[in-house]
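Notes for the structure review
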Amino acid sequence: MAIKLYQSQTSMFCEKVRIVLALKDVPYEVVDVKKDDRKSLIELSGQRKVPVMDYHGQCIIDSTYISAFLEKKYPQNTIYPSGVSDKGLCLILEDWSDEVLIHAMHLMRRAESAEARKEAEKELAVHFQSLDQLFTGKRFIFDRMTVADIAIFTQLHYLYTVIKYEVPDSYKNLHTWMELMRNSLKLASLYDFAA
Ligand SMILES: N[C@@H](CCC(=O)N[C@@H](CS)C(=O)NCC(=O)O)C(=O)O
């Protein structure tokens, strides 16, 4: 029985999991949840959110749990940094990205008036500033590319490809890191699937 990823192509959380699967070279099948209005997803997992992984009959919900599960099963090309303390910090940053940074993405996506857009850009700017400082003098956040880089990158990639908003040039360290991530991952644009 193949591993199945219940997903939608335009979800940044699904992209996070697809990247982890690719880094670990794990073969899987995709179930596009939009095709049957999430019926099969709800049957399997009892809820509506993606990503969900069906691992040979075991159901795992949420990109963070799926990533941690994959790391245990496939320790090659680890997605965590060396050292216990850095691993803790990596998990905190992953969570920040999934729970806090995402809020700014939602604000951007839902902004219908100029005023709402301005508010969203204000919130984004706070995060860009922090991230630009974080990447000062660094390639990745830790000693290698980790799930913290992947979680943050997928949000910013979504911003660029789906919302069509570019990180301003003034955040030079952030740009350099995004370029490194883009070149390392060679992703298809989310926007190509967004229609
Ligand atoms: N914390 C979850 C977030 C998952 C999530 O919000 N998924 C969205 C797509 S980006 C979804 O499926 N939303 C559908 C809904 O809420 O009905 C994770 O990391 O997997």
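So, here's what we can say about the structure. (Residues numbered from 1 in each chain as written. Predicted model: local features only at pLDDT ≥ 70, side-chain atom pairs only at ≥ 80, totals over all residues.)

Here we come to helix H6 (residues 147–161). Relative to the 21 Å expected for 15 residues at 1.5 Å per residue, H6 spans 20 Å between its end C-alpha atoms, a close match to the ideal helical length. Counting buried positions over the 15 residues of H6 gives 13, a clear majority of the element. (Helix = DSSP H or I, 4+ residues; strand = E, 2+ residues; numbered from the N terminus. Expected span 1.5 Å × (residues − 1). Buried ≥ 20, exposed ≤ 12 C-beta atoms within 10 Å, placed from the backbone.)

Counting 41 residues, the largest nonpolar core has Val20, Val50, Val147, Ala148, Ile150 and Ile152 as its most contacted members. Of all elements in the fold, only strand E1 (4–7), helix H1 (12–23), strand E3 (52–55), helix H3 (63–73), helix H4 (84–110), helix H5 (114–134), H6 and helix H7 (172–185) reach the threshold of two or more residues within this core. Here this core gets nine residues from one element, more than from any other, and that element is H6. Excluding residues within four positions of it along the chain, Ala148 makes contact with Cys90, Leu93, Glu94 and Ile141. (Core = buried A, V, L, I, M, F, W, Y, C linked by C-beta atoms within 7 Å. Contact = placed C-beta atoms within 7 Å.)

As a further point, take the pairing of strand E4 (residues 58–61). In terms of strand pairing, E3 meets E4 through four bridges, oriented antiparallel. Across the sheet, residue Asp54 finds its bridge partner in E4, namely Cys59. Linking E3 to E4, which pair antiparallel, is a turn of two residues; within it His56 sits at a positive phi near 50°. (Pairing = 2+ DSSP bridges.)

Let's shift gears to the packing of H1 against H3. Contact geometry of H1 with H3 gives a least axis separation of 9 Å together with a crossing angle of 5°. The pairing of H1 with H3 is recorded here as roughly parallel in orientation. On H3, the residues touching Phe13, Lys16, Val17, Val20 and Leu21 of H1 are Ser63, Ile66, Ser67 and Leu70. The residue makeup of the contact of H1 with H3, split by class, is six nonpolar, two polar and one charged. (Axes fitted to C-alpha atoms, helices over the stretch in contact; angles between N-to-C directions. Parallel < 35°, antiparallel > 145°, perpendicular 65-115°, else oblique. Nonpolar A, V, L, I, M, F, W, Y, C, P; charged D, E, K, R; others polar.)

Glancing now at the site of the ligand. Near the ligand the following residues occur: Ser11, Phe13, Arg48, Lys49, Val50, Pro51, Asp62, Ser63, Thr64 and Asp98. For the shell around the ligand, the class distribution of residues is three nonpolar, three polar and four charged. (Near = placed C-beta within 6 Å.)

With an omega of 10°, the peptide bond between Val50 and Pro51 qualifies as cis. Positionally, Pro51 belongs in the loop between helix H2 (39–45) and E3.

For the rest of this paragraph, the subject is the pairing of strand E2 (residues 29–32). Of the strand pairs in this sheet, E1 and E2 are connected by four bridges, and their pairing is parallel. By the bridge assignment, Leu5 is partnered in E2 with Val30. Regarding topology, H1 serves as the crossover connection from E1 to the parallel E2, and that connection is right-handed. (Right-handed = clockwise from strand over helix to strand, strands pointing away.)

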